[in-house]
Every structure is written in C-alpha cells, then in structure tokens.
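Reading the structure
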Amino acid sequence: MVPEAQFASYYGRNIVKPAPWGHEIPAYLFLGGLAAGSALVAAGGEMTGRRELQRNGRLIALGALGGSTYALISDLGKPSRFHHMMRTVKLTSPMSIGSWILAGFGAFTGVAALSEVVKEVAPNQGRDLPMAWFWPYGDRLASIGAGFFSAPLAAYTAVLLSDTATPTWHAAYRELPFVFVGSALAAAGGTAMVTTTTRECAPARRMAVGGAILETGAFALLERQIGVPGETLHRGRAGRLLKLAKALTIGGAALTVVGGRWRPSAVAAGLALATASALTRFGVVEAGMESAKDPRYTVVPQKQRLAARRAQAAIDAASEITGLPSAQALAEQA
Amino acid sequence: MSLWRNQLSGPTDPARDAGWVDPPPRQGFFTDTSICIGCKACEVACKEWNQLPMDRLGMTGASYDNSIGLGASTWRHVAFVEQTTERIAAARESGRALIALGMPGLRPGAMDLAAAESAALAALATGTLPDFRWLIASDVCKHCTHAACLDVCPTGSLFRSEFGTVVVQDEICNGCGYCVAACPFGVIERREDAGAGTISGVASAGSSGRAATSAPTGIAAKCTLCYDRLHVGAPPACAQACPTTSIQFGDLDLMRRRATERVEALHAKGFTEARLYGADPNDGIGGTGSIFLLLDEPEVYGLPPDPVVTTHDLPDIFRKAGYAGLTMLVGAALSFLGRRDS
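Quick caveat, the model's predicted, so the values are computed rather than measured. Throughout, a residue's number is its position along its own chain's written sequence, starting from 1. Each chain is given a letter, starting from A, and each ligand a number, starting from 1, according to the order in which they appear as written. Only residues with pLDDT of at least 70 get local features here, since the model is predicted, and only at 80 or more are side-chain atom pairs given and counted; chain-wide, interface and lining totals rely on the full set of residues.

As a further point, take the overall build of chain A. Scanning chain A for helices and strands turns up 11 helices and zero strands. Taken from the N to the C terminus, the helices and strands of chain A come in the order α-α-α-α-α-α-α-α-α-α-α. The C-alpha extent of chain A, read off along each of the three principal axes, is 85 × 50 × 50 Å. By the burial criterion, 54% of the 334 residues in chain A qualify as buried. Taking as baseline every contact in chain A between residues at least 6 positions apart, the subset at least 24 positions apart corresponds to 77%. Secondary structure is summarised from DSSP: a helix means a run of H or I of at least four residues, a strand means a run of E of at least two, and numbering begins at the N terminus for each. Any residue surrounded by 20 or more other C-beta atoms within 10 Å of its C-beta is treated as buried, while 12 or fewer makes it exposed and the intermediate range makes it partly exposed; C-beta atoms here are placed from the backbone. Each residue is represented by a C-beta atom placed from its backbone, and any two residues with such atoms within 7 Å are regarded as in contact.

See below:
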C-alpha cells in the first residue's frame, strides 16, 4: 500500500466538485453497454441464421436503449432541453459525441426492432407485405448499422467519465474503456443466455466468458497502475459494490463454462453476469464521486507530479552549470 | 496535429482560437492576497450586480469564512486561514525553494535575499512582527486559457467571449452537469434551487424579497467576469468594490506584469513566501485569466497545486477507447466463428 501522504487543505474541503449526477448515470452506463452488446449478439444471429438470438437481441437492444435514454434525460437539470445536445457537434465533448452515437445507434436499432415486431404480428411473418423482397437486405443493413455504432456506444461511456477532473475516473482512463466493453459483452451475452434457448446460445456463451475475462483482466491492470486515486475503489460502498461485481463476474463466467448448456444454470449464470455488469458501473461511478469529495485525491497526486517535475528541473539546472549532459539529454541521445 | 494540440494545451490566444476576428485585448484579474483585508465587499458586490440568490447563511467554524466555497450562487469567495509561526516558516521555506528554481520569473542574484530575510527574522525576534497571521484570499473563476468546462460542454452553452473569458448562456444550458465534474478548480456548479440555503440547520431569512430573485435553476452558473459590464467599459463589480486594490482588473498582459513586479517587491522585502498562481502560460491550463499572488501553498487556500485541464489527455483517452471498441467488435465476431451449435 502507498503510505498516507501528508498534505494541507482548506478545512478539509474538496477542491474539485463531484458531478451532480444521481443513480441514473450508472444505470445509463449499464443499459448503454447492454444495448451495444445485444446489438452485436443480434447482428451475429442475423448473419449466422440464429433467428431467436436475432429477435431477442434486437428487442433487448431497443429496450435497453430506451431505458438508458430515459435515464440520461431525467438526470438533466432541465430535461425539457434535452434536444440542446443536438445543437452542435463538438469533438472535445464526449457527451456531445455520445449523444450523436446514441442517435445513430437508436435509428438502426429502432428499424431492426421494428422488423422483428412486424414479423411477429403480421400474418405469414410479413411475407405478403409490399416490398417484402427488400426485407432481408433491410435486415442486414440494420444489423451492420447497429453493429457499427455499438462499439463506440459501449466504449465512449468510459471516455465520458475519464474526461473530467474527478481523480479516480481520470486516472483510470487507459484501462476503463476495456473494463466497460468487457462488461458490456458479459452483460449482453448473459442476457441472451437468460432469454434464448441454449441451442442457439453458443456464441452468446463465448461472448459472455470472453467479456468477463476482458473486464476482470483490464480491471486488475487498472488497479495496478492507478496509484493514490485507486484507494476509493476499495473503500466504502464503492469497494463493496466492486467486490461483489468481481465475484459475480467470475462466478457467472465459471458457471457458463460448466453449465451453460443446461437452461436453468445458463439463466443463473446470465443473471449473475448482467448483475455484475450493473454493479461495476455503479461501483466505478461511486468511487469517482468519493475521490472528488476528498481533497486528498486532488492534492496528493498533483504534489507528486510537481515534485517529480521540480526534481527534473533541478537536475537540468545542475547539468547546465556543470556542463554535463542531463539525464533527459542522455536518454534522447540513446 | 499541432493546431489540434494547441487547442487543448499550451500558451495561446483563446479568443482568436475561438474564431473572434480582431478581438480586444484579453481581460483578467490580478488578485493580490497580501493586501486583502477580508471585508467581503467583492462577495456582496458580485451578488448585488449579478442578482444571485442567497445560498448559505450561518457560521461555518472556519474562521470568518461563511460562504464555504465558489458555487452556482457564490462567484466570489473570501477564504480565511489562521496560521501560527510554524506554518509561516514552512510557507517561507517552500517559497524560497520556488525562488531557487527560478520561479516566477525571478532573476537570481538580482537582490540580496539573505540580508532581506535576516532583517525580517530579526523583526520577528524583537516582537515587531507578530507570530500569527491571517491568510485572506478572494477566490474567483480562473477563466482558463484551456477551459475544461467549455471544452466538455455538449450544448455550446459555455462559450469564449471576445475578452478571452468563459461565459455560460443561461437559455442554452440543459443542466447536464458535465462542466461541474470537468473543472479542475471546482468553480462551476449546477444551481439546484433558487431559495436560501442553510448551514447545519441554521434557519435562513429566505422569505425576504431578495432571496426570491429569478435566478434560473437546474443549469450551471459561474462568474462571467461581468460580461455585461465589460461591454460598456466598466470593471467587474468585485474589482470596482474592492477598497484595497487587492482585486485588480485590466488587460491580462498588464495584470501579469503587475503580478511579477509585486512578487519581486515582496521578495526584496524578505517575504519569500509570496508566489504567483496561474501566471505561467506553460502550466497545465495554459495560464489563467485570473492571476493570484499567494502567501502559502495553493492547497492551503483550497486551490489545486498543479491543475491540468482534463482535455489535455483527450486525444489519448479517445485512442484508448478506440482500441477498446475494436477489441469489442473482434471479440463479438470471434464468438460467432467456430463450430455450430450443439
């Protein structure tokens, strides 16, 4: 463990402010990931002729997308102005980029889900409708479109958190997108295992196990490099949520490998993985909030950075006086 | 790529970067905390001019500070710190270490530091200097050269004015709160309610007329550097009200020059604890539009010691997310390869 560093503060008050976000935001992160992963499950099902996987994936993707959009809008200070997100396209704002990703994903996912609904309700699976010959092409286009937007949708939510002054979120930026896409794959694979017969679910099982391995591995790397701001990942409510998430992820993946072909255990494993994915998002968000509320996580890493830079400046100044090349100059020569 | 980089960090003219053609000189504050007397005229003048609702009332137990910190309805905040000899000596020492590194713009050998300092120490020993001091500082939005709040705002509500300042447009902001999390100084805040708040249960006089101003709620708010007053050539309300010229306002170049002169003058008198904050255009935010002269480490005043705008790392953040996204697509594709269902 890093020793407790001494630091001064203004009456122990926080320096940066925590984001004014409620539980809607981690819920949005989870549902967005679930929607993205499910769109990939559906696209794979459509391209490999797994009809049930295709239908369920598309409906889950649309449902999760609806839930995440609702969560996002209801957390705004002025929900009636949600459409102001569409006033501009701004590359420096992950939330602006995310809004456009969400819109693009929504358009294709909406068409894909509509296609499934019509197949269910129209007589003769809609084969007698006008332009029915175009249907397979439309299905394929919807799959490609939703698949195209799915990866950005799952990965950008990590960017959303990391592009802030919130110490734990920013310090985690290298690994967090891998944690989140792994979590999204595990959630989507797990949800497919819950909803779809085991006969069509082999790809979903592989996706779930692969996602769980990616999430767990990336999170272990994250914990190793993050330094002082990583303390909040192990403390309090965030620590408990993340510990439970890890146990459910590993347990769910193991159960998938062992009993994924038997429906009851597949359902249990799928539920464990989806729950774990939600807990991961709630835990990471909570850990960031705690790091913003404590000046320790703002001051100590910045003091360390300053000390390192000043030590380097002193070395450079000394080498200037003595005429000897500095360590940096030597490194550049090498 | 260098243009893109310059937009995210390093010294630059933010008004021109934002597309203003032939803008006026960049405007800014120089807050000299060494002559602040803690009268809070700046806090009051700011509230009056900008018609900000009362947000807190009561005692905090933190010396004479009763506004706690900058927020949606507190755009000037006066900090009070009470220090004894030990801490004063530490501040003097940390300041001397900075001077030894050649900061801020001090020419080594330009003055006899040792003599000046021993004179100050002698004064302390003979009781002509007190063994106790106040640190009093009026904090405000930094109007950063690279402003994280502005960078991350998804609606375009936050914009760069022709004066190089950063301003929220009330009627555009949809209250997403992203700027709140992005600000490295914890300045901007979402106003949750326009009524009067309380501190630890102290009842407020919120029913009086002023508390019920029409301040909009649910949106982000912060110092505008009195954008309305600048348009008619008037100084910001806080600078106008300051009785000691602790808050100075004008062309940022002039503010930087005055700040450097002032810190050199203080050093010459042996006050090695004096240092500038935000005056270096090569710092993590490209320098601030509000420069401070401090008498101790920034964190003592509740300021971050080495702020870096979060978007400085954004290209790398996006790159990592891109790799993660590709990993996801490849992983999903691999899941569907291999043998058929059993």
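The next subject is the nonpolar core. Any nonpolar core is a set of buried residues, restricted to Ala, Val, Leu, Ile, Met, Phe, Trp, Tyr and Cys, that join up through C-beta atoms within 7 Å. Membership of the largest hydrophobic core comes to 183 residues, with the highest contact counts inside it found for A:Ala155, A:Ala184, B:Cys149, B:Cys179 and B:Cys183. Setting aside residues up to four positions removed in sequence, B:Cys149 forms contacts with B:Leu158, B:Val166, B:Cys179, B:Ala182, B:Cys183 and B:Ile188.

In this structure, B:Ala18 sits in the loop between helix H2 (14–17) and strand E1 (27–32). For the pair formed by B:Ala18 and B:Val168, sequence separation is 150 residues and the distance between their alpha carbons is 15 Å.

Moving on: the environment of B:Ser67. Residues and elements named next belong to chain B. Locating Ser67 in the fold gives a position in the loop between helix H3 (41–50) and strand E2 (76–84). For the pair formed by Ser67 and Glu43, sequence separation is 24 residues and the distance between their alpha carbons is 9.0 Å. Among residues more than four places away in sequence, those in contact with Ser67 are Glu43, Arg56, Thr74 and His77.

Turning next to the interface of chain A and chain B. The interface is formed by 70 residues belonging to chain A together with 54 residues belonging to chain B. Counting residues per element, the ones that place at least two in the side of chain A that touches chain B are helix H1 (24–48), helix H3 (94–121), helix H4 (135–162), helix H6 (176–195), helix H7 (202–225) and helix H10 (296–322) of chain A. Ranked by residues supplied to the side of chain A that touches chain B, first place goes to H10(A) with nine residues. Amino acid classes used here: Ala, Val, Leu, Ile, Met, Phe, Trp, Tyr, Cys and Pro are nonpolar; Asp, Glu, Lys and Arg are charged; the rest, including Gly, are polar. In terms of residue class, the side of chain A that touches chain B is made up of 37 nonpolar, 18 polar and 15 charged.

In this structure, B:Gln51 is a non-glycine residue whose phi angle is positive, near 50°. If you trace the backbone, B:Gln51 turns up in the loop between H3 and E2.

Next up on the list: the environment of A:Gly126. Residue and element names in this part refer to chain A. Along the chain, Gly126 turns up in the loop between H3 and H4. Gly126 gets classed as partly exposed once you count the C-beta atoms within 10 Å, which come to 15. Sequence-distant contacts of Gly126, that is, excluding residues within four places in its chain, are made with Val118, Lys119 and Ala132.

Distances and angles like these do not, on their own, reveal function.
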